[in-house]
Protein chains: 4
Amino acid sequence: MPGNSIGRAFVVTTAGESHGPGNVVIIDGCPPGLSLSEDDLLSDLARRRPGQSLLVSARAEEDRPEILSGVYQGRTTGTSIAILVRNTDARSSDYDAIAELYRPGHADFTYDQKYGFRDHRGGGRASARETVARVAAGVVAKKILAEAGIRVIAWVAQVGDISVSVDPLRVTEAQVEATPVRCPDAVKAAEMIALIEEVRRDKDSIGGVAEIAAIGVPPGLGEPVFDKLKADLAKALFSLPAVLGVEYGSGFRSATLRGSQNNDPFIHEDGKVVTETNRHGGMLGGISSGMPILLRAAVKPTSSLPRTQQTVNVRGEPATIETKGRHDPCLLPRFIPMAEAMVAIVLADHYLRHRALLGK
Amino acid sequence: MPGNSIGRAFVVTTAGESHGPGNVVIIDGCPPGLSLSEDDLLSDLARRRPGQSLLVSARAEEDRPEILSGVYQGRTTGTSIAILVRNTDARSSDYDAIAELYRPGHADFTYDQKYGFRDHRGGGRASARETVARVAAGVVAKKILAEAGIRVIAWVAQVGDISVSVDPLRVTEAQVEATPVRCPDAVKAAEMIALIEEVRRDKDSIGGVAEIAAIGVPPGLGEPVFDKLKADLAKALFSLPAVLGVEYGSGFRSATLRGSQNNDPFIHEDGKVVTETNRHGGMLGGISSGMPILLRAAVKPTSSLPRTQQTVNVRGEPATIETKGRHDPCLLPRFIPMAEAMVAIVLADHYLRHRALLGK
Amino acid sequence: MPGNSIGRAFVVTTAGESHGPGNVVIIDGCPPGLSLSEDDLLSDLARRRPGQSLLVSARAEEDRPEILSGVYQGRTTGTSIAILVRNTDARSSDYDAIAELYRPGHADFTYDQKYGFRDHRGGGRASARETVARVAAGVVAKKILAEAGIRVIAWVAQVGDISVSVDPLRVTEAQVEATPVRCPDAVKAAEMIALIEEVRRDKDSIGGVAEIAAIGVPPGLGEPVFDKLKADLAKALFSLPAVLGVEYGSGFRSATLRGSQNNDPFIHEDGKVVTETNRHGGMLGGISSGMPILLRAAVKPTSSLPRTQQTVNVRGEPATIETKGRHDPCLLPRFIPMAEAMVAIVLADHYLRHRALLGK
Amino acid sequence: MPGNSIGRAFVVTTAGESHGPGNVVIIDGCPPGLSLSEDDLLSDLARRRPGQSLLVSARAEEDRPEILSGVYQGRTTGTSIAILVRNTDARSSDYDAIAELYRPGHADFTYDQKYGFRDHRGGGRASARETVARVAAGVVAKKILAEAGIRVIAWVAQVGDISVSVDPLRVTEAQVEATPVRCPDAVKAAEMIALIEEVRRDKDSIGGVAEIAAIGVPPGLGEPVFDKLKADLAKALFSLPAVLGVEYGSGFRSATLRGSQNNDPFIHEDGKVVTETNRHGGMLGGISSGMPILLRAAVKPTSSLPRTQQTVNVRGEPATIETKGRHDPCLLPRFIPMAEAMVAIVLADHYLRHRALLGK
């Protein structure tokens, strides 16, 4: 049974592989009347694209989206929106050498086990290439959120042992985009860049942590029990490649805290009820509280390495593998637009779901 | 739009509040022919129940489930199974004093914001009482998994600063159940118990971490892209009350690792392909690899505290609150059967989904 | 994969068999603040109940619903509503003689083929008894619709060869309920009753047609393509036992019409655009036009007959069967509240879905 | 909330308008290993295409599908399949004259009411052009069914007052395709053609009835209660443009029958249980019986007429309209491949759903 759709009121369905003709997304449930053009998609697609700097993979294709439906005279019609991004720079031959090998840390083995068959070129459907469709949908989601006064912003908070503390209410996209590592702290960014360069020279890779904030989310989004907002946000982030952990608010640190340290007192401020602190990360009982939503995602080091690794081939025989494709020594910088897209998609979904129940 | 169902092939839908007549679960998609009786449900319901020891809340009601449908002559019929667990020991008057107050860390405020109205007694739908329905469904899920040779086991791995390392392949339910804290290491369990007692005396609470393992999961479960197995498992765990973080495999630790340290080499062993290590936590590309699935969930300290806390009332006026209801100083012990249930529900769902696609 | 839920924004999930402990419905997505009590359910449950007259089955149980959740202080809370209706008059022994026989026209054979196993008592899950859960959900749906100025009314339009023409804008529930056959035309009702009595004396049964109207539906409900309002309404009616056909507007008669005869001209009337005639049955392009929605459902004659019929047993051996249970000689009168419920459930769903997309 | 997807295990999602860049379908849940190429799609796309004969619209574009994903080396991979069919012959200017008019019988008015805005060119999303995506998905569904020994065939059974009786077990696709009217009875086909020509000369249109048969469906497909096979098939057919009625088996005729006339006796034949007659149309209790599934759909006369009709414009002012676009005087011939596609999609879905529950 299929798993290529997400959302209930704002439903995103994707198709496409790394080295096939292209990637497609159908966005169903977008309200009518939003302005939308192919140009609107370019910025986030470019942020996601490999080849932006030495920090990330050198695959240089330009992602030119084509809106196939759902937009008329520059505005969404309320019917399903399809966007196609063709694959233009797919050097399949890079992958011939590893067609029969299972790359450590990759989905080659599990796809073969599941389907008995796979498109080995560049990871096929398991490639991060599929996120191009998510990022396109994220642009549409961000437009819905913008009308509701909600914005989503993400940044690199940690690379290896270098971490940074960022105020989610003050950080700007300009600060994030100021360096290729997408860490808004210039000093730490320089350290991160140096570390990534060092790792690249070692023919290795390095992990990190991304932080994502949603500002302006009104209280009341999220559903009780299974579709708690925290649950749907976590699913969305975990659905991205390489994510091994997600936390919000005080997260794993809460394991060592006492209740008296972790609770956020309610106070009355500027005519509304808020909490004095935000260790609850903007969600209580799985429903948004009106405080900023703060999420963190752990991203593993790139599995593809330009060095020799032990593995087996499809017949189970021992083999060595050395990845020749273009791969990022650190996934974090390109992860930022992907994470923003997934968080925006979930928030847009719950924003529309809330309207169904409450009529506003 | 509603959020009281989870799953696609094995669909669990719940209803019920803390202090209403009872909690109900409808389980849709259970294969026919499984043996199932009310007695089968008792063990896990008892494990979830408050009042088992001084470590957890003293609410003493006995959970007597009634199977209302879907079982005939002791076997599941293949049609929807309904199970009712009545609320028998619900002292609503305990909550009268706080009807107009927003308890810090609780969903009182967010429910009021969402619905404009709430059942304040014991948290209503936001109470951990609703997990009784999940645990009942988990028993059915475990039966499906048992037929497929899959078992799910969870334990307390950390309380405050006391943590333990457990071999998921060797730990037994008997070891877990040997102490009221549900930590299988007897020495560490005693330390945890002492800490919880200390915290209780301080009129405070303490957080912790649960670990959940699924053993015997065949390779191939999980769907590409959005319904990755890791994504659905994370959602299920995050849907439980008080969970602030989830990780699997090397998790957040992977942020500081290099690819050469984090990758698990494939080897051939006993006639099949496995990995030498299991830093990938049993899932690659979101699809099970055949290795044990290893998850960790951070559970915050109980928000209800028997001490004075600052808050506001429903009119936004400053107020103090001192919770009088029966509450656990540490949620972890009772969290174990809930976490097992959610992981079992997701695995049963993906097991059946896989059959739809592959016919086996 | 399961099929015991219907709806997307207003989701109804049911469980229960004819002769088990009871039938349960969980209603997910009902807006908060609607007044709802068990007494509200009694009227439609009584209309659905067998034993109301000689025209229908004599099974005399009284359906006493119990609201288990989702209602507090007489109002819906916005969380999932569970309603239980116990089976109180279930003479299972009536069915012992046919435990191994396949009743013609019933689901005994197909359930055995599907599940390899079935609860033979009274048809189990395939019994019309399960509609008690739908009718309870229909009451909640009607409340949502009433707030939006929409009402649903159904009546018996045909029994055998006796048919009647009814003005959907003028017919009242009082007229429908005036006779046990639920045909609002007193003269035709008497003829229908006489025919049903004749059929009963012949130890036979007779089919008929129900008409269902939804008045006050605003233009704009329904989704393009697959979830057209006509498609979801047809599915809902076809999901009821014994329905062999559904049509709306000019229906099957349109097969013999020319476009110039079938099109409804648009006109401007009382400040709004309407159609001069309503051959389109209130839906164009699958979306409501604001004109009354008019549906017709063909209901087959009761399959259970108190006379000898040829069949086979579970081993495929020839056998005869004579149904001893209590069965209606004509299903139509009891079908009316079921049809109203299903139409109301679909309209409530699309009403809430529309709000998600349009915010109003 | 969106309605551009259908199915649960085999999920078809579409996007596209009549006069936009193209139509796209994403097919999710197709098992891996099926042979599939663009050439496989051509036949059914050509059957659906306008301009095949004078009987149908002269819009002459050739539908060249492009498979964008989900197929590798000529076989399905098990991941989502995307197919694009570009619009190549879309004379938007034909529609300029009616941009502000509400065409009788069309969705212009209801789309404006729903979305406040519409793509008027050729009906936009409400155009029959969108069925190109359905037909492409139907080809994939038919491949799944073929592996299971199931085939779907449809034909024109009635045009105006000319009707034909066809043996579903004997009729062949060659017979259906022998005439442009797609009625397998050569004599009646000639009469139908003459009638359609007459209607065209009258600048009018005519309705009809299509019959669809599914042969080789094993007993057991379909779910109890809401997702009965008959319910999902009816929804699928009603989701097609212009369908005003659906029936199966004895259908509306059953309203006038007695139970003793309508029941099909079970018999034992060739080692299996079958029914002597098939008035139940291959489904009992909403589950397939193993007998041929027989459906009938009423299709209204084309609403677009090349003659003057009364209507109003978007401001509600009286106006006349005369459709200048290319339109079929009878929709039935082109409806046949659409109906086959929808029935195949539903059967493939239920075939895979059955595997989830039963493991075979």
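Above this text you will find the structure in question.
Residues numbered from 1 in each chain as written. Chains lettered and ligands numbered in written order. Predicted model: local features only at pLDDT ≥ 70, side-chain atom pairs only at ≥ 80, totals over all residues. Heavy atoms only, no water.

Participant: Please explain the overall build of chain A as it appears in this structure.
Facilitator: The helix and strand tally for chain A stands at eight helices and 18 strands. The C-alpha radius of gyration computed for chain A amounts to 21 Å, which stays within 12% of the reference 21 Å derived for 360 residues, consistent with globular compactness. Referenced to the eigenvectors of the C-alpha coordinate spread, the extents of chain A come out at roughly 65 × 50 × 40 Å. Looking at chain A residue by residue over its 360 residues, the buried ones come to 69%. Carbon and sulfur atoms make up 48% of the accessible area of chain A, which amounts to about 10600 Å² in all. Taking the average location of the 42 positive side-chain charges in chain A and that of its 43 negative ones, the two points are 2 Å from each other. (Helix = DSSP H or I, 4+ residues; strand = E, 2+ residues; numbered from the N terminus. Rg over C-alpha atoms; globule rule 2.2 N^0.38 Å. Buried < 20%, exposed > 50% of the residue type's maximum accessible area, 1.4 Å probe, protein only. Areas by Shrake-Rupley, 256 points an atom, 1.4 Å probe, with all protein chains shown as cover. Lys, Arg positive; Asp, Glu negative; His and termini not counted. Charge placed at Lys NZ, Arg CZ, Asp CG, Glu CD.)

Participant: What is the right way to read the interface of chain B and chain A from this model?
Facilitator: How big an interface is tends to be stated in terms of accessible area lost as the parts join. Every contact between the two is made by 109 residues of chain B and, on the other side, 109 residues of chain A. Of the roughly 8500 Å² buried between chain B and chain A on both sides combined, carbon and sulfur atoms contribute 61%. Across the contact surface, chain B and chain A share 10 salt bridges. In this structure, the connection of chain B to chain A is made through 49 residue pairs in polar contact (both at pLDDT 80 or more). Classifying every residue of the side of chain B that touches chain A by side-chain character gives 50 nonpolar, 36 polar and 23 charged. Both strand 11 (residues 243-248) of chain A and strand 11 (residues 243-248) of chain B contribute to a ladder of three bridges, which runs antiparallel. Across the sheet, the residue bridging to A:E247 is B:G245, located in strand 11 of chain B. (Contact = heavy atoms within 4.5 Å. Buried area = accessible area lost by both parts, 1.4 Å probe. Salt bridge = Lys/Arg side-chain N within 4 Å of Asp/Glu carboxyl O. Polar contact = N/O pair within 3.5 Å; in protein donor to acceptor, adjacent residues only side chain to side chain. Nonpolar A, V, L, I, M, F, W, Y, C, P; charged D, E, K, R; others polar. Pairing = 2+ DSSP bridges.)

Participant: Whenever I open this one, the pattern of salt bridges confuses me. Can you help?
Facilitator: Between side chains of opposite charge, a pair can form when the charged atoms approach closely. This structure, assessed with the given rule, holds 128 salt bridges over all chains. Of the charged contacts in the structure, one is a salt bridge between B:E340 and B:R47, with a shortest N-O distance of 3.0 Å. Taken together, the positions of B:E340 in helix 8 (residues 332-358) and B:R47 in helix 1 (residues 38-48) put the pair 293 residues apart, joining distant regions of the chain. C:K143 serves as the salt-bridge partner of C:D40, at 2.8 Å between the closest nitrogen and oxygen. Here C:K143 lies in helix 3 (residues 131-147) and C:D40 lies in helix 1 (residues 38-48), a separation of 103 residues in the sequence. In the salt-bridge network here, residues are joined through shared partners; they are A:D44, A:R47, A:K142, A:E177, A:R182 and A:E340.

Participant: When you look at the packing of aromatic side chains in this model, what are you seeing that I'm missing?
Facilitator: Two descriptors summarise a pair of aromatic rings, namely the distance from one centre to the other and the angle between the planes of the rings. For the structure on display, the rule yields 26 aromatic pairs over all chains. Both rings, one in A:Y102 and one in B:F266, keep their centres 6.0 Å apart while their planes meet at 55°; by these two values the pair is tilted. With A:Y102 in the loop between strand 7 (81-86) and helix 2 (108-115) and B:F266 in strand 12 (residues 266-269), this pair bridges two chains. An identical accessibility class is assigned to A:Y102 and B:F266; each is buried. Each ring, one from A:Y248 and one from B:F238, has its centre 6.3 Å from the other, and the planes form 45°; the classification is tilted. Of the two residues, A:Y248 is situated in strand 11 and B:F238 in helix 6 (residues 229-238); the pairing between them involves two chains. Across the pair, exposure class does not vary: A:Y248 and B:F238 are buried alike. Here the aromatic cluster, defined as three or more aromatic residues joined through ring pairs, consists of A:Y102, A:F109 and B:F266. Sitting above the plane of the C:F117 ring, B:R75 keeps its charged end 4.0 Å from the centroid. Over the aromatic face of C:Y115 sits the side chain of C:K114, whose NZ or CZ is 5.8 Å from the ring centroid. (Phe/Tyr/Trp six-rings, centres within 6.5 Å; stacked < 30°, edge-to-face > 60°. Lys NZ or Arg CZ within 6 Å of the ring centre and 35° of its normal.)

Participant: Even after reading the chapter, I still don't get the relation of the copies chain B and chain D, so can you show me in this structure?
Facilitator: Placing chain B over chain D gives an RMSD of 0.0 Å and needs a rotation angle of 180°, together with 0.0 Å of translation along the axis. Seen this way, the second copy is the image of the first under a two-fold rotation axis. Among all residues of chain B, the minimum C-alpha distance to the rotation axis is found for B:A356, at 2.1 Å. Comparing interface residues between copies, 100% of those in chain B also lie at the interface in chain D; the contact surface is shared. (Least-squares fit on C-alpha atoms with pLDDT ≥ 70 in both.)

Participant: Please clarify how helix 3 (residues 131-147) of chain B should be interpreted in this entry.
Facilitator: Each α-helix winds once per 3.6 residues, and so residues spaced three or four apart point in a common direction. All names here are of chain B. Here helix 3 is 17 residues long and its end C-alpha atoms lie 25 Å apart, about the 24 Å a rise of 1.5 Å per residue gives. Within helix 3, 13 of the 17 residues are buried, which leaves the element mostly enclosed by the surrounding structure. Just beyond helix 3, the residue with positive phi is G149, at close to 80°. (Expected span 1.5 Å × (residues − 1).)

Geometric descriptors of this kind do not, in isolation, establish any biological role.
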